[in-house]
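Observations on the model geometry
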Amino acid sequence: MLLRLPTSMTEAQDCLAEGAVPIGGATLVWADWQRDGFPELAMSLREVPEANVLGRETVGGAVALHRIDDRVPDVLRLAAATVGTGAVRRTATVGGNLVGSTLRCLLPAALVLDARATVLDSEGVHETDLAELVAKRPVLVSLHWREPIASAYRKLAGEAGGPPPLAVASAVRTDTRGNRLRVAVRDGYDMLSGSVTCDPDADRTLHALSGTALADLPTYAWEVIRAQVTRLLGERDTD
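Note that the coordinates shown come from a computational prediction; the quantities given were computed from them, not determined experimentally. (Residues numbered from 1 in each chain as written. Predicted model: local features only at pLDDT ≥ 70, side-chain atom pairs only at ≥ 80, totals over all residues. Heavy atoms only, no water.)

Focus on the sheet that holds strand 7 (residues 124–128)
Put simply, the rule reads: Two strands qualify as a pair provided DSSP detects at least 2 bridges between them. Here a helix means four or more residues in a row that DSSP labels H or I, a strand means two or more in a row labelled E, and each is numbered from the N terminus. Whether two residues are in contact is decided by their heavy atoms: any pair within 4.5 Å suffices. Only C-alpha atoms enter the line fits that serve as axes; for helices the fit covers just the stretch in contact. Angles between N-to-C directions range over 0 to 180 degrees.
One open sheet holds the 5 strands; their spatial order is 4-5-8-6-7, and the pairing between them is antiparallel. Across the chains shown, the open sheet's two edge strands, defined by having one partner strand only, are strand 4 (54–55) and strand 7. Taken together, the 5 bridges between strand 6 (residues 116–121) and strand 7 define a ladder with antiparallel strand orientation. Counterpart to valine 119 in the pairing with strand 7 is histidine 126. Running at roughly 55° to strand 6, helix 1 (residues 9–17) makes contact with strand 6, strand 7 and strand 8 (139–144) of the sheet.

Digging into the sheet that holds strand 2 (residues 21–22)
With parallel pairing, 3 strands are arranged side by side in an open sheet as 1-3-2. Two strands lie at the open edges of the sheet, namely strand 1 (2–4) and strand 2, each paired on one side alone. As paired elements, strand 2 and strand 3 (residues 41–43) share 2 bridges and run parallel to each other. Its bridge partner lying in strand 3, proline 22 is registered against methionine 43.

Thoughts on helix 3 (residues 74–81)
The following threshold applies: Burial classes follow relative accessibility: with a 1.4 Å probe on protein chains only, a residue under 20% of its type's maximum area counts as buried, one over 50% as exposed, and anything between as partly exposed. Picture the helix axis, draw a direction to every C-beta atom, and the arc is the one those directions span.
For helix 3, the complete set of buried residues consists of Val75, Leu76, Ala79 and Ala80. What you see down the axis of helix 3 is that its buried residues fit within an arc of 125°, all on one side. Next to the buried residues of helix 3 lie strand 5 (58–60), helix 4 (86–89), helix 6 (107–112), strand 9 (150–155) and strand 10 (167–175).

Points about the side chain of threonine 118
With respect to the helices, strands and loops of the structure, threonine 118 is situated in strand 6. You can call threonine 118 buried: its relative accessible area is 18%. If sequence neighbours within four positions are ignored, threonine 118 has contacts with Val125, His126, Glu127, Val139, Leu140, Val141, Ser142 and His144.

Quick look at the nonpolar core
Here is the rule: Only buried Ala, Val, Leu, Ile, Met, Phe, Trp, Tyr and Cys residues count toward a nonpolar core, and they belong to the same one when joined by side-chain atoms within 4.5 Å.
One finds Val59, Val94, Leu98, Leu140 and Leu143 to be the most contacted residues of the largest nonpolar core, which totals 36 residues. Mapped by element, the contributors of at least two residues to this core are helix 3, helix 5 (94–100), helix 6, strand 6, helix 7 (130–136), strand 8 and strand 10. The element contributing the most residues to this core is helix 6, with 5 residues. In contact with valine 59, other than residues within four places in its own chain, are Val53, Leu54, Ile68, Leu76, Val94, Ser142, Leu143 and Trp145. If you look at the next biggest cluster of nonpolar residues, it comprises 22 residues, including Leu181, Leu209, Ala221 and Trp222.

Structural notes on the environment of threonine 85
Along the chain, the position of threonine 85 falls in the loop between helix 3 and helix 4. Take threonine 85: its relative accessible area is 47%, and that puts it in the partly exposed class. Sequence-wise, threonine 85 and valine 63 are 22 residues apart; in three dimensions their C-alpha atoms are separated by 16 Å.

Concerning the pattern of salt bridges
Stated precisely, the cut-off is as follows: In the sections that follow, a salt bridge refers to a side-chain nitrogen of Lys or Arg positioned within 4 Å of a carboxyl oxygen of Asp or Glu.
Tallied over the entire structure, the rule returns 8 salt bridges. A salt bridge links aspartate 74 to arginine 77; its shortest N-O distance comes to 3.2 Å. Note that aspartate 74 and arginine 77 are positioned in helix 3 at a spacing of 3 residues, about one turn of the helix. On the basis of relative accessibility, which here comes to 28%, the residue arginine 77 falls in the partly exposed class. Arginine 116 is the partner of glutamate 127 in a salt bridge, and the nearest nitrogen-oxygen pair spans 3.0 Å. On the criterion of sequence distance, the pair formed by glutamate 127 in strand 7 and arginine 116 in strand 6 is long-range, its members being 11 residues apart. Under the relative-accessibility criterion, glutamate 127 is labelled partly exposed at 43%. A relative accessible area of 31% places arginine 116 in the partly exposed class.

Listed below in structure tokens is the structure:
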């Protein structure tokens, strides 16, 4: 296998045109390649500046998960910290987790941040939403969002060999309608989310959430949601 390391978006697009298979840390595909055979040509964005950004409102697709620190919102930092082992996080990338994985531990965090994606495909670089990113699986260059007022993330312990464990992300953000709370939940392989206007009373906010797509979640999921919402609304009131 020949690995190309382009240093610009133009070079990266040329690699795609030549049939290069995009990889990050290859943590998800290495075993398959060992079994089924390696591609002739692969490509990593780890030398492309646009894919290595890291800040309060952006993260590059080539950023390894262990690099995600308090420069990003809590919800994304905590989500990255739950992925695999320390050895995995030193290799696995944001793009690999969101585009190359079926688990997508970072997706609930990206959803509550209302993140947009800059992607690369055969037609060039363009911006898209998370739904298209997951459905079409282009090369993720970077994510960007507006910084939230407060955010949180929790992933429950899972059983070995079982379905993906419950993951809950939440964030309070300001938009044209005032402060909004968004909650996203990975329940097995399903991804659900709901958004409501923040009420000073946490119980009223939770009641509003119960009328969204989150309504049929199991009791243990709502226990996590309740704890996060109560804490986030308290943090918002003290700011």
